[in-house]
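As a plain string of letters, each chain reads:
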Amino acid sequence: MTSGGIKPGSIKRAVAASALFALTMFGGVASANPQPGQLNMTRGASTWSPEAYFLNNVALGVCVVIGILVFGAMFIAMFRFRKSRGAVAEKWSHNTTLEIVWTTIPVIILIVLAYLATGGLRTFADTTGSEMTVKVTGYQWKWRYDYVEYKGKAIDKVGFMSKLDRESDETRQLHSGLDPNAVKVDGYNTYLINVDKPLVVPVGTKIRFVITAGDVIHSWWVPALGWKMDAIPGIVNAAWTNIVEPGVYRGQCAELCGQDHGFMPIVVQALPKAEFDKWLADQQAEANKPQQPAQPAAPAAASTAAAPATAQATDAPASQGHQG
Amino acid sequence: MAHAATHDHHDDHHGAPKNFFVRWCMSTNHKDIGTLYLVFSLLMFFIGGSFAMVIRAELFKPGLQLVQPYFFNEMTTMHALVMIFGAVMPAFVGLGNWMIPLMIGAPDMALPRMNNLSFWILPFAFSLLLSTLFLPGGGPAGGWTMYPPLSLQGDSVAYLVFAVHLMGISSIMGAINIIATILNMRAPGMDLLKMPVFVWSWLITAFLLIAVMPVLAGAVTMLLTDKYFGTSFFNAAGGGDPVLFQHIFWFFGHPEVYIMILPAFGLVSEIIPTFARKPIFGYKAMVFAIASIAFLSFIVWAHHMFAVGLPLGGEIFFMYATMLIAVPTGVKVFNWVSTMWGGSMTFETPMLFAIAFVILFTIGGFSGLMLALAPADFQYHDTYFVVAHFHYVLVTGAIFAIIAGTYYWLPKWTGHMYSETWGKIHFWNSVIWVNVLFFPQHFLGLAGMPRRIPDYNVAFANFNMISSIGGFLFGASQLIFLGVIVHAVWFSKKKAPDRVWEGAKGLEWTLPSPAPYHTFDVPPVIHDDELAHGHVED
């Protein structure tokens, strides 16, 4: 960093070392849901989420390289300029050239980072052209999802509450005696990140979320989508996603909202378009059915678990086990 | 310290009062009040630390084992309030009280009675705050940021608000005192640009305090009236806006975090030149960098709010402004490294903590830069990545600097050398365990663990257990610190010389150790070569 201390060779070594470090940091984290020992951010599963991931990696890389240079200079100084090795203190206390250099170089690096980040912000802020709208409402301590509009058509009466699944809820009680490790769906541990009824959405569709809250501030966050957005009473925020891969994507409330803040997860189930269309049609049919009778019509179907029944529809078809 | 007066002959006619109550409760002496601040701060450090132990114990493994979630939230809230307002800020005020008059050649602080009042408010403020834990409604559990509407659900709003008011009054009075002292009471010849960097950092910090503590007072007062007097400042149903609180709070809050780090910059800028035996690199640049950081701190507040749904223009402005802070901060780090370069270094305990500060604070700065990038912050925000970030800048930043400053001046305060061996044992334990404690939290945040949750998915189990083990051992290591201090004050036999450290420059080292009860009754004659910055050329 300073006069004469760093030779070209040591810079090369530093860069190689940082590249190796970076590789081990980023390698092997492909899943969209949290994995034991995960070291880096998820790449996510939406068209936008790689923006956050890419920016994270670039910024981390920049920091690691600068860190190696600065800390390297410090350690060289600590070994070379020890009194015990007979070092005699020099008298200089400024160097204008160096000071200009190490003010200018960071500015250039920051401009590059700012350029990259601004691009990501602009695409994120653009919620136009969506084909579907879902209203998300945070409550202490559950989420409500209302399907507002799909492919230009208003949807009526399709909406439900989504709260922590029963198995997690029983396990998480103080002194429950139950083992969090035992809470699994298809071999993947879903303790505290599973719900009774997930938000079902189609893949390959730009979905606009309008997000608000009914009591205190919450924050709707699914890491695989690449963002979180606060759910604030009295304010309607907008955000969007376009999920690429079908799968089940898990997240949690990210804004302290009271005693059960840690126990209001979010599960998004992304279905292929055709499957989603069918699911939505079933939901609509169910919702628009005359309330009271209907019993004779349904019993056969209701007796099988596969029936997409009512709002209690369970953890929808297929892909619960896909972890993205 | 109690024997300070007896060592110095010219002090006989007006030494420390013999009566304990008169000496400590009615003191107008900057040294005694400085000691009170430091002792209070240490007490709060252990109380706040014990809350952290509860948090880390509950997070040791998945599942709730020890406390109910609501109590967990009380712990996170109180841990932050006690550490910020009770430990870090009073520690800096204590160091400033003790050292600023000695460093600028003043006989005392400019407003000694107000000095006494500003300290004695604090025990009442914290009694009020901590008492809520024993009241039926429980303590505040809405986070130290007190975001409404959640914070208004608590039963302890009034206690919290009045405690914050008291802390704010104390801080404002302390800041006024420091500004008045520095601007009016410097010895002739102690020009502003010859002042130690620590004094400069406190002067700038004091202006920050005066600017923002009233803003906090306003914000919490609006909470109070919303809760008890039917106003709707932050109540959407009454035409208010919950986000308004966040803007006001962080307009206070961001300068506040620099209030907790700028004096640390000053401390480290004293210690590194002393043990490198070389003048600080770029004195004027250091002062200017502190001033720039202070200015920028007023225009970056909404980077705490990237996820509240700011308009695009707002996100971009606050992102750019925040990134700018990296430039003066980088200048400071480069200058500390350059101060070491070409020096003749020894590694006594203060220097070890100062070096650890430079490295670990810089790591906190790196994660700060990453957090500044709004699109990435959409992921980082409110996760353990943020928790790791601010603990790197506050624990290995502010608190390491406070510890370094304590070791640096302890011989001057007590007249005895502390145990270097035990100081080093304290250092190595602290620096290892603090990293075991906080480094894995970066991974937890990146993997998706939100902050302020009492329980978590088993995917987060391994790093949480490592972090908790680091936490317990880091906490235990601080008992060594307590032991070293107790030993140095009452039991150490080794007398400290006037100039405790070979390379130390500045007026405080021209005084006897321990510093007499009254110093610089007659302004000292300033010899530029005695000062660290006597010949400022750059």
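In this text, all values refer to a predicted model and were calculated from it rather than measured experimentally. (Residues numbered from 1 in each chain as written. Chains lettered and ligands numbered in written order. Predicted model: local features only at pLDDT ≥ 70, side-chain atom pairs only at ≥ 80, totals over all residues.)

What follows deals with the overall build of chain A. For chain A, the count of helices and strands is 6 helices and 13 strands. In chain A, which comprises 324 residues, the proportion classed as buried is 39%. Taking the contacts inside chain A whose residues are at least 6 apart along the sequence as the reference set, 70% of them involve residues at least 24 apart. (Helix = DSSP H or I, 4+ residues; strand = E, 2+ residues; numbered from the N terminus. Buried ≥ 20, exposed ≤ 12 C-beta atoms within 10 Å, placed from the backbone. Contact = placed C-beta atoms within 7 Å.)

Moving on to the overall build of chain B. Tallying secondary structure elements over chain B gives 16 helices and 0 strands in all. For 538 residues, the compact-globule formula gives about 24 Å, and the C-alpha radius of gyration of chain B, at 23 Å, lands near that figure. With the principal axes as the frame, chain B shows a C-alpha extent of 70 × 50 × 45 Å. Looking at chain B as a whole, 63% of its 538 residues are labelled buried. Pairs at least 24 residues apart make up 82% of the contacts formed inside chain B by residues separated by at least 6 positions. (Rg over C-alpha atoms; globule rule 2.2 N^0.38 Å.)

Take the nonpolar core next. By size, the foremost hydrophobic cluster in this structure holds 271 residues, and its most contacted members are Val88, Val268, Phe357 and Ala404 of chain B. Counting contributing residues, this core receives three or more from each of domain 1 (8-85 + 95-125) and domain 2 (132-289) of chain A. Discounting chain neighbours no more than four positions away, the residues touching valine 268 of chain B are Trp336, Ala354, Phe357, Val358, Ala401 and Ala404 of chain B. (Core = buried A, V, L, I, M, F, W, Y, C linked by C-beta atoms within 7 Å. Domains from an automatic or database assignment.)

Another aspect to go through is the UniProt feature "domain: Cytochrome oxidase subunit I profile" (unreviewed entry) in chain B. The positions UniProt marks with the feature "domain: Cytochrome oxidase subunit I profile" (unreviewed entry) are residues 24-527 of chain B. End-to-end, the C-alpha atoms of residues 24-527 of chain B are 35 Å apart, and along that stretch the chain is 68% helix and 0% strand. (UniProt positions renumbered as here; feature names shortened; annotations may be inferred.)

Within a regular beta strand, the side chains point alternately toward one face of the sheet and then the other, so they alternate between its two faces. Residue and element names in this part refer to chain A. The buried count for strand 12 (residues 247-252) comes to 6 of 6 residues, which makes it a mostly enclosed element. The two faces of strand 12 match: Gly247, Tyr249 and Gly251 on one face and Val248, Arg250 and Gln252 on the other face are all buried. In this structure, strand 12 lies alongside strand 13 (residues 265-271), joined through 6 bridges in antiparallel fashion. Its bridge partner lying in strand 13, valine 248 is registered against glutamine 269. (Pairing = 2+ DSSP bridges.)

This part covers the interface of chain A and chain B. A common measure of how large an interface is: the accessible area buried when the components associate. Contact residues are listed per partner, giving 84 residues for chain A and 81 residues for chain B. Of all the elements in the fold, those that place two or more residues in the side of chain A that touches chain B are helix 2 (49-80), helix 3 (96-125) and strand 10 (227-231) of chain A. No other element matches helix 3 of chain A, which puts 15 residues into the side of chain A that touches chain B. When the residues that make up the side of chain A that touches chain B are grouped by side-chain class, the tally is 46 nonpolar, 26 polar and 12 charged. (Nonpolar A, V, L, I, M, F, W, Y, C, P; charged D, E, K, R; others polar.)

Residues and elements named next belong to chain B. Relative to each other, helix 12 (residues 349-372) and helix 14 (residues 384-414) sit at 160°, their axes nearing to 8 Å. When the interaxial angle is binned, helix 12 and helix 14 end up roughly antiparallel. Two packed elements cross with a definite hand, and for helix 12 against helix 14 that hand is left-handed. (Axes fitted to C-alpha atoms, helices over the stretch in contact; angles between N-to-C directions. Parallel < 35°, antiparallel > 145°, perpendicular 65-115°, else oblique. Left-handed = near helix turned anticlockwise from the far one by under 90°.)

Further remarks concern the packing of helix 5 (residues 157-184) of chain B against helix 6 (residues 197-228) of chain B. All names here are of chain B. Look at helix 5 against helix 6: their axes get within 8 Å of each other, and the N-to-C directions meet at 155°. Accordingly, the angle class assigned to the pair helix 5 and helix 6 is roughly antiparallel. Helix 5 and helix 6 meet at a crossing whose hand is left-handed. A per-class count over the contact of helix 5 with helix 6 returns 24 nonpolar, 4 polar and 1 charged.

It is worth spelling out the UniProt feature "domain: Cytochrome oxidase subunit II copper A binding" (unreviewed entry) in chain A at this point. Per the UniProt record, "domain: Cytochrome oxidase subunit II copper A binding" (unreviewed entry) is annotated on residues 129-282 of chain A. For the annotated span residues 129-282 of chain A, helix accounts for 10% and strand for 43% of the residues, and the straight-line distance between the end C-alpha atoms is 26 Å.

Residues and elements named next belong to chain A. Taken in spatial order, the 3 strands make up an open sheet running 7-13-12, and their pairing is mixed. Each end of this open sheet is capped by a strand with a single partner; those strands are strand 7 (199-202) and strand 12. Shown here is a sheet whose adjacent strand axes are inclined to one another by a mean of 25°, direction ignored. Its contacts with the sheet place helix 5 (residues 273-288) against strand 7 and strand 13, and it is angled at close to 130° to strand 7.

This paragraph deals with the domain arrangement of chain A. All names here are of chain A. Considered domain by domain, chain A is made up of domain 1 (8-85 + 95-125) and domain 2 (132-289). A separation of 34 Å is found between the C-alpha centroids of domain 1 and domain 2. With 12 residues of domain 1 in contact, the opposing surface of domain 2 contributes 13 residues. Among the elements that line the side of domain 1 that touches domain 2, the one with the most residues is helix 2, at 3 residues. Counted by class, the side of domain 1 that touches domain 2 contains 5 nonpolar, 6 polar and 1 charged residues.

It is generally the case that most residues other than glycine have a negative phi and that most peptide bonds are trans. With omega at 0°, the peptide bond leading from proline 148 of chain B into proline 149 of chain B counts as cis. By secondary structure assignment, the location of proline 149 of chain B is in the loop between helix 4 (112-131) and helix 5. A cis amide bond links serine 513 of chain B to the next residue, proline 514 of chain B, at an omega of 0°. Secondary-structure assignment places proline 514 of chain B in the segment after helix 16 (461-491). Its identity is not glycine, yet histidine 175 of chain A carries a phi of approximately 55°, on the positive side. With respect to the helices and strands, the residue histidine 175 of chain A is situated in the loop between helix 4 (166-171) and strand 5 (184-185). Residue histidine 175 of chain A is classed as exposed on the basis of its C-beta count, with 9 C-beta atoms lying within 10 Å.

Let's shift gears to the environment of tryptophan 409 of chain B. Looking at where tryptophan 409 of chain B falls in the secondary structure, it is placed in helix 14. Along the primary structure tryptophan 409 of chain B and leucine 130 of chain B are separated by 279 residues, whereas in three dimensions their C-alpha atoms are 31 Å apart.

All names here are of chain A. When the UniProt feature table is mapped onto this chain, "transmembrane region" (unreviewed entry) is found at residues 58-79 and 100-118. A helix fraction of 100% and a strand fraction of 0% characterise residues 58-79, whose end C-alpha atoms lie 31 Å from each other. As annotated, residues 100-118 comprises 100% helix and 0% strand, and the C-alpha atoms at either end are separated by 27 Å.

Residue and element names in this part refer to chain B. Relative to the helices and strands, threonine 349 resides in helix 12. Residues threonine 349 and threonine 421, spaced 72 residues apart in sequence, show a C-alpha to C-alpha distance of 8.8 Å. Among residues more than four places away in sequence, those in contact with threonine 349 are Tyr407, Glu420, Gly423, Lys424 and Phe427.

Residue and element names in this part refer to chain B. Under the 1.5 Å per step criterion, the end-to-end length of helix 6 is 46 Å for 32 residues, consistent within 8% with the ideal 46 Å. Residue valine 212 marks the point of greatest curvature in helix 6, where the axis turns by about 25°; the proline proline 214 follows within four residues. Downstream of helix 6 by a residue or two, glycine 230 has a phi angle that is positive, lying close to 75°. (Expected span 1.5 Å × (residues − 1). Bend = angle between axes of the 7 residues up to and from the residue.)

To continue, consider the environment of alanine 254 of chain A. As for its position among the elements, alanine 254 of chain A is in the loop between strand 12 and strand 13. Taking the C-alpha atoms as reference points, alanine 254 of chain A and alanine 231 of chain A, 23 residues apart in sequence, are found 9.9 Å from one another.

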